[in-house]
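Understanding the architecture of this molecule
Each chain, written out:
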Amino acid sequence: MRPATLLRMPSTDRAEHLVVITTGGTVATRQTSKGAVPRLGGAELMTRAAGNGDLPLRVVDLMSKDSSAMSVDDQFRIAEAVLTALTDESVRGVVVTHGTDTMEEITFLVDLYLAGLDSPSPVIFTGAQFTDDAPEPDGPANLSAALSCAADPSARGRGVLVAMGGTVWPARGLFKISTTDVRAFDVVHPGLGRPSVPRPASGAASRVDLLSLYPGVSPALVAGALGSGVAGIVLSANGSGNTHPDITAQVAQATAAGLAVVVSTRVPYGEVTATYGGGGGAVDLVDAGALVSSWLRAPQARMALVALLSAGADHAEIATFFAASGPTD
Ligand SMILES: NC(=O)C[C@H](N)C(=O)O
């Protein structure tokens, strides 16, 4: 494989190239006496990668963070960097290196905005499960695969993709399935719709909480969120969107106060449909004013709600978005 070449051209006279945006994550991580932390910048990462063919690379070292430590502002900065890169006509594709812990959120957020653009250029995220100084780091192969994918004409127009562990996944429906396996991800369904959301003028304007529900959960969980100034709540409920009746009463209070409440599930696969009643079923939650996210799991449903509320979407527009996020076939 040919080693990566870094672009050294003035910005006014650029040849076709790929942009690599680095953000940290295990792919850039080394062991220290205080645990593994991101240490490598883009130039060092590129010495380990190939696969970009004849296309030179322009590297943007945007941040160096573990993905679990990202703020929503960081996530919007990453989205902005990708979308800005795509405005340059000489950019054939964008690769983003990122931690795997919250890969499902960032790839989904970027795809929400990419879906509203007229840009077929591939946007490929990648990362690693093993640190750069591990005996067999997976980062170099993943990075090379991401560069190949970004340079591959067949990746054009497919939205944000994730290349890792020898597989390429779409962003919509993605979730992390293993803390250690190189096959780190799966999707709830391979062909989900890609409704877009308008970009807000200045990043995320709305805070959304994600609450995990379980037998015996305290209704104070929802009450606490309601009193904390959030604009929306996503419930990671049980089964096909069910919970305890005490939660339903709190949801009714939250929706009456103007909050958007969206029901998802902690179950990885299958459709969430309002089927059960009994006080805490999804039928009751919908009666209490909640919306159902039939396919997007809680982390991506939360990101959707952050973007929708930041764009000023109302209840009907939020419902339309989730209805359009199911399988297209
Ligand atoms: N494999 C990884 O990248 C995990 C790391 N904690 C991160 O998300 O940044």
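Note that the structure is predicted; figures quoted are calculated from it, not measured. (Residues numbered from 1 in each chain as written. Predicted model: local features only at pLDDT ≥ 70, side-chain atom pairs only at ≥ 80, totals over all residues. Heavy atoms only, no water.)

So, the overall build of the protein chain
Counting its regular elements, the protein chain contains 9 helices and 14 strands. For the protein chain, the C-alpha radius of gyration of 20 Å lies close to 20 Å, the compact-globule estimate for 329 residues. If you line up the protein chain on its principal axes, its C-alpha atoms span 60 × 45 × 35 Å. The buried share of the protein chain, reckoned over its 329 residues, is 54%. At a minimum sequence separation of 6, the contacts of the protein chain that also span at least 24 residues come to 74%. When the accessible surface of the protein chain is summed, it comes to about 13400 Å², and 52% of that surface belongs to carbon and sulfur atoms. Considering the protein chain, the positive charge centre built from 22 side chains and the negative charge centre built from 31 side chains are found 6 Å apart. (Helix = DSSP H or I, 4+ residues; strand = E, 2+ residues; numbered from the N terminus. Rg over C-alpha atoms; globule rule 2.2 N^0.38 Å. Buried < 20%, exposed > 50% of the residue type's maximum accessible area, 1.4 Å probe, protein only. Contact = heavy atoms within 4.5 Å. Areas by Shrake-Rupley, 256 points an atom, 1.4 Å probe, with all protein chains shown as cover. Lys, Arg positive; Asp, Glu negative; His and termini not counted. Charge placed at Lys NZ, Arg CZ, Asp CG, Glu CD.)

Comments concerning the UniProt feature "domain: Asparaginase/glutaminase C-terminal" (unreviewed entry) in the protein chain
Per the UniProt entry, the sites bearing "domain: Asparaginase/glutaminase C-terminal" (unreviewed entry) are residues 207–322 in this numbering. Secondary structure across residues 207–322 comprises 40% helix and 16% strand; the distance between its end C-alpha atoms is 18 Å. (UniProt positions renumbered as here; feature names shortened; annotations may be inferred.)

Description of the pairing of strand β5 (residues 91–97)
The buried fraction of β5 is high, at 6 of 7 residues. When strand β1 (residues 17–24) meets β5, the two strands line up parallel, connected through 6 bridges. If you follow Leu18 over to β5, its bridge partner there is Gly93. In this structure, β5 lies alongside strand β6 (residues 123–126), joined through 4 bridges in parallel fashion. Counted as the bridge partner of Val95 is Ile124 from β6. Note on the crossover from β5 through helix α3 (residues 103–114) to β6: the handedness is right-handed. (Pairing = 2+ DSSP bridges. Right-handed = clockwise from strand over helix to strand, strands pointing away.)

What about the UniProt feature "domain: L-asparaginase N-terminal" (unreviewed entry) in the protein chain?
Within the UniProt annotation, "domain: L-asparaginase N-terminal" (unreviewed entry) is assigned to residues 18–188. Helix makes up 26% of residues 18–188 and strand 29%, with an end-to-end C-alpha separation of 30 Å.

A closer look at the environment of Asn238
Tracing the sequence through the fold places Asn238 in the loop between β12 (232–237) and α6 (245–256). Along the primary structure Asn238 and Met164 are separated by 74 residues, whereas in three dimensions their C-alpha atoms are 30 Å apart. With near-sequence residues (within four places) excluded, Asn238 lies in contact with Leu213, Tyr214, Thr243, Thr265 and Arg266.

Some thoughts on the sheet that holds strand β14 (residues 291–292)
A sheet is described by the order of its strands in space; here 4 strands give the open sequence β11-β12-β13-β14, paired in parallel fashion. Lying at the two open borders of the sheet, with one neighbouring strand each, are β11 (208–212) and β14. Note: β11 against β12, 5 bridges, orientation parallel. Residue Leu211 lies in a different strand from β12, and its bridge partner there is Leu235.

Here's the deal with the site of the ligand
Neighbouring the ligand are Gly25, Thr26, Asp66, Ser67, Gly99, Thr100, Asp101, Ala128 and Gln129. Side-chain polar atom of Ser67 to an oxygen atom of the ligand: 2.5 Å apart, as the coordinates give it. One of the backbone nitrogen or oxygen atoms of Ala128 is found 2.8 Å away from a nitrogen atom of the ligand. Protein coverage of the free-state accessible area of the ligand, which is 270 Å², stands at 90%. (Near = heavy atom within 4 Å. Polar contact = N/O pair within 3.5 Å; in protein donor to acceptor, adjacent residues only side chain to side chain.)

Description of helix α4 (residues 139–151)
The end-to-end C-alpha distance of α4 is 18 Å, a good match for the 18 Å that 13 residues give at a rise of 1.5 Å each. Looking only at α4, the buried set comprises Gly139, Asn142, Leu143, Ser144, Ala146, Leu147, Cys149, Ala150 and Ala151. (Expected span 1.5 Å × (residues − 1).)

Observations regarding the confidence of the model for the protein chain
Low pLDDT marks stretches whose predicted atomic positions should not be read closely. Of all residues in the protein chain, 96% attain a pLDDT of 70 or more, and the chain-wide mean is 94. The ipTM assigned to the predicted complex is 0.98, against a pTM of 0.95. (pLDDT = per-residue confidence, 0-100.)

Description of the packing of helix α2 (residues 72–86) against α3
For the pair α2 and α3, interaxial distance at closest approach is 9 Å and the crossing angle is 45°. When the interaxial angle is binned, α2 and α3 end up oblique. The handedness of the crossing between α2 and α3 is right-handed. Across the interface between the two elements, Gln75, Phe76, Ile78, Ala79, Val82, Leu83 and Leu86 of α2 pack against Glu105, Ile106, Leu109, Val110, Tyr113 and Leu114 of α3. Of the residues assigned to the contact of α2 with α3, the class counts are 11 nonpolar, 1 polar and 1 charged. (Axes fitted to C-alpha atoms, helices over the stretch in contact; angles between N-to-C directions. Parallel < 35°, antiparallel > 145°, perpendicular 65-115°, else oblique. Left-handed = near helix turned anticlockwise from the far one by under 90°. Nonpolar A, V, L, I, M, F, W, Y, C, P; charged D, E, K, R; others polar.)

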